[in-house]
Structure formats: C-alpha cells, structure tokens
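For reference, the chains in residue letters:
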Amino acid sequence: MNTIRALTLAASGSLVLTLAACGGGGDEGGDAGGSSGGDAAGDTTISWWHNSNTGEGLEYYEQVAADFEEANPGVTVQMEAMQHEDMLTKLDAAFQAGDAPDVYMERGGGELADHVEAGLTMDLTDEAAEEIELLGGTTQGWTVDDRVYGLPFSVGVVGFWYNTEMFEQAGITEPPSTWEEMYTAIDQLKDAGMEPLSVGAGDKWPAAHYWYQFALRHCAEDVLTDAVQTLDFSDECFIRAGEEVEKLVAAEPFNRGFLSTPAQSGPTSASGLLATEQVAMEMQGHWEPGVMAGLTEDGEGLGEKLGWFPFPEVEGGQGDPAAQLGGGDAWGVSADAPPAAVEFVKYMLSDDVQRGFAERDMGLPTNPNVTDAVSDPALAQLLEVRDSAPYVQLYFDTAFGQSVGGAMNDAIALMFAGQATPQDIVGQTQSAADAEG
Amino acid sequence: MTVTSAPPRGATDPPAGRGSRPAGGRRRDWRMAAEIAGFTAPALLLFGVFVVWPILRAVQFSLFRWNGFGPLVDFVGLQNYVAVLSDDVFTGAVGHNLIIVVASILIQLPLGLAIALLLNRRMRGQGVLRTIIFVPYVLSEVIAGVVWFQLLQPGRGVIEAMLGTVGLEGPFQGFLGTPSLALPTLVVVLTWKYVGLAVLLFLAGLQGVPEELAEAAQIDGASWWQTQWRVTIPLLGPTIRMWAFLSMIGSLQLFDMVWILTGGGPANATTTMATFLVNEGTKRQNYGIAAAASVVLFVIALVMAVLYQRFVLRRDTADADVPRGVR
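Since we're looking at a predicted model, the values are computed, not measured.

Draft legend 1. Spotlight on the overall build of chain A. Counting its regular elements, chain A contains 18 helices and 12 strands. Burial status across chain A gives 54% buried among its 437 residues. Residue pairs at least 24 apart in sequence account for 74% of intrachain contacts in chain A once pairs closer than 6 positions are excluded.

Draft legend 2. Region of the structure containing the packing of aromatic side chains. Under the counting rule described, the total for this entry stands at 47 aromatic pairs over all chains. Both rings, one in Trp179(A) and one in Phe214(A), keep their centres 5.0 Å apart while their planes meet at 45°; by these two values the pair is tilted. Here the residue Trp179(A) occupies a position in helix H7 (residues 179-191), and Phe214(A) occupies one in helix H8 (residues 205-218), the gap between them amounting to 35 residues. Positioned above the aromatic ring of Tyr194(B), the side-chain terminus of Lys193(B) is 5.2 Å from the ring centre. The side chain of Arg310(B) reaches across the aromatic face of Phe311(B), ending 5.5 Å from its centre.

Draft legend 3. Focus on a negative patch on the surface. Residue and element names in this part refer to chain A. Where like charges cluster on the molecular surface, the negative patch consists of Glu56, Glu59, Glu62, Glu297, Asp298, Glu300 and Glu304. Following the sequence through the fold, Glu304 ends up in the loop between helix H12 (288-295) and strand E10 (306-310). Accessibility expressed as a relative area gives 81% for Glu304, which makes it exposed.

Draft legend 4. Structural detail: unusual backbone geometry. Cis geometry marks the peptide bond from Gly265(B) to Pro266(B); its omega dihedral reads -15°. One non-glycine residue, Asp146(A), lies in the positive phi region at around 65°. Secondary-structure assignment places Asp146(A) in the loop between strand E4 (143-144) and strand E5 (147-148). Residue classification places Asp146(A) among the exposed positions, given a relative accessible area of 69%.

Draft legend 5. Just the side chain of Lys193(B), in detail. Residues and elements named next belong to chain B. With respect to the helices and strands, Lys193 occurs in helix H8 (residues 179-207). Look at Lys193: it is buried, it has no salt bridge, and the nearest opposite charge is Glu141 at 4.6 Å. Within polar-contact distance, the side chain of Lys193 engages the backbone oxygen of Tyr137 at 3.2 Å. Ignoring any residue separated from it by four or fewer positions in sequence, one finds Lys193 in contact with Pro136, Tyr137, Leu139, Ser140, Glu141, Ala144 and Met257.

Analysis parameters
Residues numbered from 1 in each chain as written. Chains lettered and ligands numbered in written order. Predicted model: local features only at pLDDT ≥ 70, side-chain atom pairs only at ≥ 80, totals over all residues. Heavy atoms only, no water. Helix = DSSP H or I, 4+ residues; strand = E, 2+ residues; numbered from the N terminus. Buried < 20%, exposed > 50% of the residue type's maximum accessible area, 1.4 Å probe, protein only. Contact = heavy atoms within 4.5 Å. Phe/Tyr/Trp six-rings, centres within 6.5 Å; stacked < 30°, edge-to-face > 60°. Lys NZ or Arg CZ within 6 Å of the ring centre and 35° of its normal. Patch = residues over 30% accessible without salt bridge, like charges linked within 9 Å, V, L, I, M, F, W, Y side chains within 5 Å. Areas by Shrake-Rupley, 256 points an atom, 1.4 Å probe, with all protein chains shown as cover. Salt bridge = Lys/Arg side-chain N within 4 Å of Asp/Glu carboxyl O. Lys, Arg positive; Asp, Glu negative; His and termini not counted. Charge placed at Lys NZ, Arg CZ, Asp CG, Glu CD. Polar contact = N/O pair within 3.5 Å; in protein donor to acceptor, adjacent residues only side chain to side chain.

None of the figures reported here should be taken as evidence of function without further support.
See the structure below:
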C-alpha cells in the first residue's frame, strides 16, 4: 500500500515537472515554427504561404518550388496553399505569435507599416537591389521610409469583368464608359431577364470597393494622399462617394441574396455566379480570371466570353478619370528567415517564373520583361489601363490599415443593407481613425 | 476529492475531531495534505495555464490599446470598456445572445422532452430513430454550418427550391441575408443541431425513473399523459435543469455556427458577443477592444452561471454535499 502511494506521488510529481517544462518552453519557443532554416548541415527549410490554392496556379507553384529545390541542393521549400481569407487570418495569427512563414504575401499599406514597426519583416532594399530596380515604380506600395520590404509580383487594378455574350444578348454594343451609360446597361440587362451584377457583400470588402472607386472618381489626388497620411475624411467628396453607392444600390442591379454572398468561395459566390453565367458582370480585381477558372468544372472560367472595362467616369468628379483603384501582392520575407528565403523570392521575380505566372493568367506580372506574355485579351487590356494610369490608388482598407479599413468596410456593407447613410460611412471611418490617435 | 479519500481512513481510524487529535495525527495530516496536493496538482496546473492565465492576460490586454504586435505600451485604462459598452453592435450582440439563450430553452425543452418520451417507449426501430435524432449533434458544427449554408442559398438552394414547388418564393436576400430573418433562421438551425443533445440527456435521465412508479400511477388510474406529466417529468427535473444550464452557457458563447452561416451579418443582425470579439480582434486588430469584449462576455457568463447554480441547481447538488460532521 505504502509503496503504491509513494509511486503514485512520484508519478504525479514528475507529471507536474513535465507540464511545467512544457509551459516554460512554450513562451520562448514562439519563433520556432517559421524560421526552422539555416542550421548547420546546410539543410534549410523555407516555409512559403500563398493563395493560389486551385487548378493550374497551384500546380505551377508546386513546380516552381521543385525547380528551386533542384537548383539549390539542401534547400526544401515547404509550401502551403490556402484560400485567400484563410491565409489572411492565419498570417495575422502567425505574426502575432511571432512564427510567421519565411516567405509570405505582403499587401503593403498600413498593414506593412505595422509589420515594419514591430520588426517582423525583412528590409530587402540591399539584399534585392537589382530586382527592385527592375520592378521600378511598382515597389512604391511596399516602401516604408525609403526602404523596400516586399517585391511585388502582381499588381492590378479593379474593374468590371463581364460576359460578352450576355452583353450582346441584352443589346449592349459598347462597354459603358460613364455611369450614365452604366445605368442604361443595367436596365438593358434587367429587361433581358438577366441579373446585371454580382457582389460578395457577405465578405464586405467587395462591396466596399464600390465606395472606394466612387471616392477615387470624386476626390482629387491630393485629397486622397492627404487622407492616407492624416486620416482626415472631412472632404465633401467622401460624402459624394456614399451618395453614388446609395444610388447604385437603390437601382437594384445586384444578384439575389447579395448581402450574404461570399466573394470567391464556391460556385454560389460572386465570382462563381459570373463564372457560371448567372450574372452579367462583377467588379473585381485582376485575380478574377484565375479565381473563376478554379470555380468551373472545365477549369476555363468564362473563357473566350470574358471581357473587362475600367470603372466608368462620374459626372462632376474631381479625380482623374484615368486613375485606378488597385493593389497587389508582394513576396515579403519575415525578419528571421534564412538567406535562402531571399534567394527564393528573387527567383520568384525572375523572367522565367514571372513569364510562367503571366502565361497561366495567375496575375499581372510586375517584371517588365514579360508583359508580352499576358495572353488573355481581357487581362492584357487591364495591364494597358494599369500602365497608362496617372496613379494607382491602393485599396483603402489596405492603405488605412485594418482598424480604420475594417470600420470603413463595415459601414459600407451596412449601406448595401440599406442601414447607413453617406454621413454614417464618413463618421464611422473618422471615429475609427480618431481612436487610432 | 476530499470526500472520496476520507471514508477508508475513517473506517480504520477514530474520527479526528477538532481539538482531540491523537498523537500520530499531525504526521498523517501532513501526509494527507501532500497526497491531495500531489493528485490535484496536475489538474490545477492545467487549470491555471489554460483557464486562469488566459483570463488574467485578457484583462491585462483590455486595458491597453494594442494592435497585436510588439509590447503593450499604450495604457488606456477603462477606455476599451467604454468603447465596447457604448458600441451599438456589441449591445446588439448581447441582445442576440440573450434571445438565443431564451429561444433555445423555450423551443428545445418541449421538443426534446416530447421526442425523449416518445423514444422511451418500446417500439420497432427505436435504436435507429435515436441515432437519427442524435446525428446532427455529433456532426462537426462547421460541417453542419456549411451544409445549411448551401441548403439556404438564396434563389438556388434546396430549401428555396422546395418552397418553389409549393408556389412560395423565398425572400430576395435569402433567409440568411435578410436582416429580420437571419436570427430566426439561425435559431432553427441551432435547434436542429442541439435538440439531439437534449433528447440524449433526457433519455438517460428517464432510465433513472423507476418503472414501478409509472406502474403504480397506472394502477391508480392515471392516463399515459398524466403519468408523464405528474410522475416522469418531475423526476426528470435534475436532468432538465442541468441541460438548461449547458444550453445557456453554450448559447452565450455561440460562435461557430454564426461565423459559418452569416459571419455576424447581414447588417450585424446575427452578431454574437463571440463573433464581435473575433471580428474586432483578428479582423481589425483592435486587440484591446476585443479583450474588453471578452472580459464582458466572461463576466456575463459567470454571473449567469453563478446565479443559476445558486438558485436553480442548488437543490440538485445539495444531496452531494457531505455534511461537515462526517469528518
């Protein structure tokens, strides 16, 4: 009896010790996950997160990783492909825990500024000087205090993707270039018994893009630049933007159930509806063809029927009608990543990889040597618009950071539900900005 | 713990009453204390690391403005609490949680009870029926959520197609997209998901109701209905009260199903306290605000749990309390 008791006591005691050891280790071991590389034996593992999780894009990135491994013996690329929203959530958690992946997608703007301030991301200015020079102006969005923290691999602009066949059937000959024409087109599509537009207002940001676009058309460039710097939204043009969105929602151009429609997950998402010919148009970024391809059985998306036109002009707008709303993705390297991670990112921007990237319509290449490789006529047209734009305004939620951007998106989504006024959007955005201090 | 380890000792030793300790008592007390400490330490440690420590950290976070990166430097006192409690979205969320608490109990209690009483009778296919009722509860909440999300697709989903065959048309925004319908729809899905648990618990409780009592009632001339109402259900009281407690806590902390079905939308019509704090925290990176909301949620759940224990569960747990005199 006594022996058993003693044994049990000893056992529970050692359990306590083990647990205590686990507890203690957990605190310090925070950065173990991501930066596993760079140890002795020359064996390096690079963790890499991206959002090309379907179809051809996924296959291509698997190939790119394999090629890099082959050219760099001893280096293993541990790739994780995720759905976009999932990736954002996981990235936030990873950064917070201090074990971010070595190579990840960095969207720039306020988010990058936060990462830089917290010392989480690597300064690539000197490490990748050659590539930065090649990419030219597109690195601007990933520059904080004259240092470059990300190499953009795809920069695009937001515009309307449409089904050319449905436009023809509805008797629309020219894609609309003003909002007056746009409203006419909406009526024509409705008369032909079609749903004109899909919007993933369930995810909020696709709805918010409408407000951003109208603000871009109504606000002069310096007003927007100031707003990003000072978080001051008092200019009348922001109210105008809200009024335009209100008018658009009142015209009822959107798909059935748009308030709960997700942006791009599944065939009943906003992108899925366009891909399966349930709606005639959707306003989305440059990634749309790739997303649609992944949502159709034949992997073709809308194929030949896909057309694109930029956000139409508004009457009396102060903004440059050729300015575009856009943004893109850059490869960022986390602060404690092994040198091989930087090499990998450089490889990703090489002519070869960017050409393959462009040929598969995975995005809009930033490497100027391969712009001719964009085969899709709609994407080629988008590229032309991007390159002739006087400036490309970064998506507001990205530019302002998640706290202000999130409040802004929530308020705009409320307007889509008919529960916010133009003043509410400005008011809620301003109070979130003021709370930032 | 003390109760279970005491009897064997009491059987061999004379009761160690206060002030009349036998000579060897001191050593034995020390040993007993060490034993108790040894056995409870692992559990206490886990409790400390995974319950107490996170709560303390949340309280700490709630006093700072913090975006999730870097050190806590921007102390703002109770400002986050003011922001949370004066936020219409949060107060709306508290309201939604309370509606779900009340609706869950009001709907699932009679429904679960009725199904349990029916399934408690001898019949063909009893096992199969019990399984069918219980399956939704076993399904992962996320999987069930995705399935319901697809069924409820506006205009294209199975449910609206079924409505269409009888000439009805679903709302333009769909059941999940119409602000006034989203919460009732959520309650329906939650009922489908959780009524199985109520049935299972009630069935287990019914096994503890002696058949003789029902027989005696029948001999006295009680109808089936009277037997259930006057004999079986009152004896099921402890089970029902415990189930209601679990249901209440679950409803207060509700997150998964809402997040999958609506994400708290449309127009914040289904936001719960948990979705509010996740949205503020991981989406907007206002971790101070999220922490304050989580503390408020904790306090609300704790107060409701303590009050329920004190006033409703008291007589059920009273029997378990061993009178002090025994030691």
